[in-house]
Amino acid sequence: MAADKNSENLVIKINKWDGSAVKNALDDAVKEVIIRKYNYIENFAMFDVRLALCGIAVAVAIVGLFSDYFYPFPASKPILVVCVSIYFTLMGLLALYTTYKEKGIFVVAIQRDPAGFNPDLIWEASSYMKKHDDKYNLVLSVRSTATGLVNETSVTKSIASFIDVNGVVIDDLVENVVSNMHDSLTSQRKEK
């Protein structure tokens, strides 16, 4: 992915035939709109859990490595069995966590009430693209920290709606879609 400086905006140019690069670029553009335009605070807690699980797994692997280094194999067998078992369990937990908790979420943002009277709102954006498909599926949801009620909206559009023939992400088009989704969720919350 290459980036060129244009007059005032950063232009993102990608290989439009690379599905994961397209998805990541569009995810970044959506994240930029949610964080910058609406001035929400990004929350990294969900991703910190994944990082902690990976960090613990690496620490366990290092313990196994050093135990085998200082006490060659026959002597280190019990420690290696424990380390491998713990590592396997942690990787299983990581797989479950990313599948059932993260579910493709790439940004979590907190909307705080400037006056401090209303409870915080948690905005989450997730997306997915099927392999060899040009449809970008974006899901935007908002959850109240007080009630726990979740409102959600989604849109499915061709990547051609956001990327020009040269592989440049058109930020204004992404912003329009995200703004429409955001406004529909905001109006739904006010109606209730």
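Residues numbered from 1 in each chain as written. Predicted model: local features only at pLDDT ≥ 70, side-chain atom pairs only at ≥ 80, totals over all residues. Heavy atoms only, no water.

Novice: Explain the UniProt feature "transmembrane region" (unreviewed entry) in the chain to me, please; I cannot follow it from the model alone.
Specialist: UniProt tags residues 44–66 and 78–97 as "transmembrane region" (unreviewed entry). Between the end C-alpha atoms of residues 44–66 the distance is 32 Å, and the span holds 96% helix and 0% strand. (UniProt positions renumbered as here; feature names shortened; annotations may be inferred. Helix = DSSP H or I, 4+ residues; strand = E, 2+ residues; numbered from the N terminus.)

Novice: In this structure, what is going on with the domain arrangement of the chain? I would like to understand it.
Specialist: Frequently, the measure chosen for interface size is the accessible area removed from exposure when the parts meet. Partitioning the chain into structural domains gives domain 1 (19–44 + 106–191) and domain 2 (46–101). Between domain 1 and domain 2, the C-alpha centre-to-centre distance is 35 Å. (Domains from an automatic or database assignment.)

Novice: What should I look at first to understand the pairing of strand β4 (residues 105–111) in this one?
Specialist: Each regular strand displays side chains that alternate between the two surfaces of the sheet. With six of seven residues buried, β4 is to be regarded as a mostly interior element. Two elements, strand β3 (residues 41–42) and β4, share two bridges in a ladder whose sense is antiparallel. Within β4, the position partnered with Glu 42 by the bridge is Ala 109. Two strands pair when backbone bridges link them, and β4 and strand β5 (residues 121–128) are joined in this way by six bridges, in the antiparallel orientation. The residue bridging Ala 109 from the neighbouring strand is Trp 123, located in β5. (Buried < 20%, exposed > 50% of the residue type's maximum accessible area, 1.4 Å probe, protein only. Pairing = 2+ DSSP bridges.)

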